[in-house]
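A look at the structure
Chain by chain, the residues:
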Amino acid sequence: MLSLLRHVTPSCYGGRRSIATLISGNATSKLVRERLKKEVDKMKTSEFRPSLVVLQVGSREDSNLYISSKMKAAAEVGIDASHVRLPNTSTQDEVLRTIMSINEDASVHGLIVQLPLDSVHTIDMELITNAVSPLKDVDGLSCINAGKLSRGDLNNCFIPCTPNGCMELIRQTGVSVAGKHAVVVGRSKIVGAPMHDLLLWHHATVTTCHSKTPNLPEQVGRADILVVGAGRAEMVHGDWLKEGAVVIDCGINHVADETKASGKRVVGDVHYGSASQRAGYITPVPGGVGPMTVAMLMQNTVLSAQHFLANLDDKDSQ
Ligand code: NAP
Ligand code: LUD
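Everything in this summary refers to the structure shown in the same document. (Residues numbered from 1 in each chain as written. Chains lettered and ligands numbered in written order. Predicted model: local features only at pLDDT ≥ 70, side-chain atom pairs only at ≥ 80, totals over all residues. Heavy atoms only, no water.)

1. Comments concerning the overall build of the chain
When helices and strands are counted, the chain shows 10 helices and 12 strands. Across its three principal axes, the chain shows a C-alpha extent of roughly 65 × 45 × 35 Å. Taking the contacts inside the chain whose residues are at least 6 apart along the sequence as the reference set, 69% of them involve residues at least 24 apart. Of the roughly 15300 Å² of accessible surface on the chain, a fraction of 53% belongs to carbon and sulfur atoms. Separation of charge centres in the chain, based on 32 positive and 32 negative side chains, amounts to 6 Å. (Helix = DSSP H or I, 4+ residues; strand = E, 2+ residues; numbered from the N terminus. Contact = heavy atoms within 4.5 Å. Areas by Shrake-Rupley, 256 points an atom, 1.4 Å probe, with all protein chains shown as cover. Lys, Arg positive; Asp, Glu negative; His and termini not counted. Charge placed at Lys NZ, Arg CZ, Asp CG, Glu CD.)

2. A closer look at the site of ligand 2
Inspection of the region around ligand 2 gives 17 residues, with K70, V113, L115, D139 and G287 positioned closest. For ligand 2, a nitrogen atom lies 2.8 Å from a polar atom in the backbone of V113. Taking 680 Å² as the accessible area of ligand 2 by itself, protein coverage stands at 82%. Going through the elements one at a time, α2 (61-77) and α10 (289-316) are the ones with two or more residues in the shell around ligand 2. Within the shell around ligand 2, the residues separate by chemical class into 11 nonpolar, four polar and two charged. (Near = heavy atom within 4 Å. Polar contact = N/O pair within 3.5 Å; in protein donor to acceptor, adjacent residues only side chain to side chain. Nonpolar A, V, L, I, M, F, W, Y, C, P; charged D, E, K, R; others polar.)

3. Structural notes on the pattern of salt bridges
In this structure the tally under the stated criterion is 10 salt bridges. For K37, the salt bridge goes to D41, with nearest N and O atoms at 3.5 Å. One end of the pair is K37 and the other is D41, both in helix α1 (residues 25-43) and four residues apart, which spans about a single turn. Classification of K37 by relative accessible area gives partly exposed; the value is 38%. Each member of the salt-bridge network shares a partner with another, and the members are K37, D41 and K44. (Salt bridge = Lys/Arg side-chain N within 4 Å of Asp/Glu carboxyl O. Buried < 20%, exposed > 50% of the residue type's maximum accessible area, 1.4 Å probe, protein only.)

4. Re the packing of helix α6 (residues 161-173) against helix α7 (residues 192-201)
Where α6 contacts α7, the axes come no closer than 9 Å and their chain directions differ by 40°. Considering the angle they form, α6 stands oblique to α7. Between α6 and α7 the crossing geometry is right-handed. Facing P163, N164, C166, M167 and I170 of α6, the residues of α7 in contact are P194, M195, L198 and L199. (Axes fitted to C-alpha atoms, helices over the stretch in contact; angles between N-to-C directions. Parallel < 35°, antiparallel > 145°, perpendicular 65-115°, else oblique. Left-handed = near helix turned anticlockwise from the far one by under 90°.)

5. Some details on the environment of V84
Tracing the backbone through its elements, the reader meets V84 in strand β4 (residues 80-86). Those residues in contact with V84 that sit more than four places away from it in its chain are V53, V54, L55, Q56 and T98.

6. Observations regarding the sheet that holds strand β5 (residues 110-113)
Spatial ordering of the open sheet is given by β4-β3-β5, a layout of three strands whose pairing is parallel. What marks the edges here is a single partner per strand, and that holds for β4 and β5. Along the sheet, successive strands turn relative to each other by an average axial angle of 15°, direction set aside. Where strand β3 (residues 51-57) meets β5, four bridges bridge the pair, whose relative direction is parallel. (Pairing = 2+ DSSP bridges.)

7. Observations regarding the site of ligand 1
Within the structure, ligand 1 sits among 22 residues, and R187, S188, S211, C250 and T293 are positioned closest to it. S188 is positioned such that a nitrogen or oxygen atom in its side chain is 2.5 Å from an oxygen atom of ligand 1. At a separation of 2.5 Å, an oxygen atom of ligand 1 approaches a polar side-chain atom of T293. If ligand 1 stood free it would expose 920 Å²; the protein chains cover 71% of that surface. When the residues that make up the shell around ligand 1 are grouped by side-chain class, the tally is nine nonpolar, 11 polar and two charged.

8. Observations regarding the nonpolar core
Judged by nonpolar contacts, the single largest core of 50 residues is most densely connected at I170, L199, V227, I248 and M298. If one sorts the elements of this core by residue count, α10 sits on top with nine residues. Setting aside residues no more than four positions away along its own chain, I170 makes contact with V175, V177, L199, I225, V227, V246 and I248. Judged by nonpolar contacts, the second largest core, of 18 residues, contains L216, V270, A279 and I282. (Core = buried A, V, L, I, M, F, W, Y, C linked by side-chain atoms within 4.5 Å.)

9. Regarding the pairing of strand β9 (residues 246-249)
For a regular strand, side-chain orientation follows a simple rule: the groups alternate between the two sheet faces. Residues V246 and I248 point to one face of β9 and V247 and D249 to the other, with burial holding for every one of them. Bridge count between strand β8 (residues 225-228) and β9: four bridges; the pairing is parallel. Bridge pairing in β9 links V228 to D249. Looking at chain direction, β9 and strand β12 (residues 281-282) are connected through two bridges and run parallel. Each residue of the ladder has a partner; that of V247, found in β12, is I282.

10. A word on helix α3 (residues 92-104)
The first and last C-alpha atoms of α3 sit 19 Å apart over 13 residues, in line with the 18 Å expected at 1.5 Å per residue. Every buried residue of α3 is accounted for by V95, L96, T98, I99, I102 and N103. On an axial view of α3, the arc spanned by its buried residues comes to 160°, and they lie on one face. Turned more than 90 degrees off the buried face of α3, the exposed positions are R97 and E104. Tucked inside the fold, the buried residues of α3 contact β3, β4, β5 and α4 (125-131). (Expected span 1.5 Å × (residues − 1). Arc of directions from axis to C-beta.)

See below:
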C-alpha cells in the first residue's frame, strides 16, 4: 500500500509545509491492470477473449484522448477492444441501430457509448444509454444498473467506472467509510449520483450538493470524506475542508497556462495547493481519478466476460 500513497512534497503555498498524503491513481490503476491481466490469462483460450466495444459519435478531442487510454489499457490487459466511430451527422436512429447490433453480437461482453455525444442532430442521451443491454452495460449507466445500485444491490450490477475508481482510491487510504460523514459535490448520472449511492451502501452518512446548495463551503467542511465532481476549476478551496479529510477530486478542467507549449494545463475541481495543506489524503489531477476510470472499465469488462462464461457452463450442465 505504501507505494500508492506518498506525502505531498512541501509546497510554497502560503509558506507552510504540505501535510496531505497523495493517493496515486496512476500507481493504483497499474496494480488493477496487472491483476486483471492475470485473470484474463486464466480465462483466455484460442476461441475466447473478453471483448469491449467503445462507441463514439463524432470526434471530440477530449473523448479521443480518453478512448485512446481505454484502447491502450485493454491491449495491456488482454481485452479485445474495438473503437466504433460514427460520424457527427449520425441520427438517433442510426446510433440506436448500431447499439442493437452490438447488443446482439454474442462475441461482445461490454459496450459503452462515450459521452457526450457529438452529433449535429438532437439525440436523447437517456434513450441511448438505456438501449445498451444491461448485461453488457460496463459503464453502469442504464437505469437497470443505476436502479440496482441505488437499492444497494452492489454485487448484482455494473458500477459506474468513475465512482468505482473513487471507492478504490478511498480504500487505499485505509480510512474506513462506515460511520463517516461523506460529502459529494455534484449529482450527475456518471459521477455524483452513483458516488452518493456507493458511499451510502458502504455505510457512510452522505450529503450530496449541487448548484442550488446554499453555503457549499459549510457543507464541504462537514466531510470526513469529500468527493468532488462539479466541473468547476479549483472551486473547492483548502480552507473549506475539515482538517485531515480524504479528498477525491474527479474534476478535469483545462485552464490557460502560458508556461506550457500547449498554452493550457489540466486542473481539478479542488484547489490542490491549499487543499493539500489541510487534507489528510488527496488525489492529484492529472494522475488521480482519471486513470482509475479506465482501470474500472477494464474490471467491469472482465467481470462481464466471467458472467458470460459462467452462464455457458450453467447451460452446458443442464
Ligand atoms: P456535469 O454533468 O456537468 O455535472 C456537474 C454537477 O456539479 C451537477 O450536478 C451540478 O449541479 C454540480 N455543480 C456545478 N456547479 C456547481 C457549484 N458551483 N456548486 C455545487 N455544485 C455544482 O459534470 P460530470 O459529468 O459529473 O463531471 C464533473 C467533473 O468531473 C468534470 O470536470 C468532468 O470533466 C469530470 N469527470 C472526470 C472523470 C474522470 O474519470 N476523472 C469522469 C467523469 C467526469 P446541478 O445538478 O444543479 O446542475
Ligand atoms: N462517457 C466517460 N465521458 C467522459 N485522465 C471518461 C475520463 C479518462 N460513457 C462514458 O472516460 O467513463 C466514461 N463513460 N468518461 N472520462 C471522463 C468521462 C464518458 C476522464 C479522464 C481520463 C477518462 C484520464 O485518463 C488522465 C488523468 O486524469 O490523469 C489524463 C487527463 C488529461 O486530460 O490530461
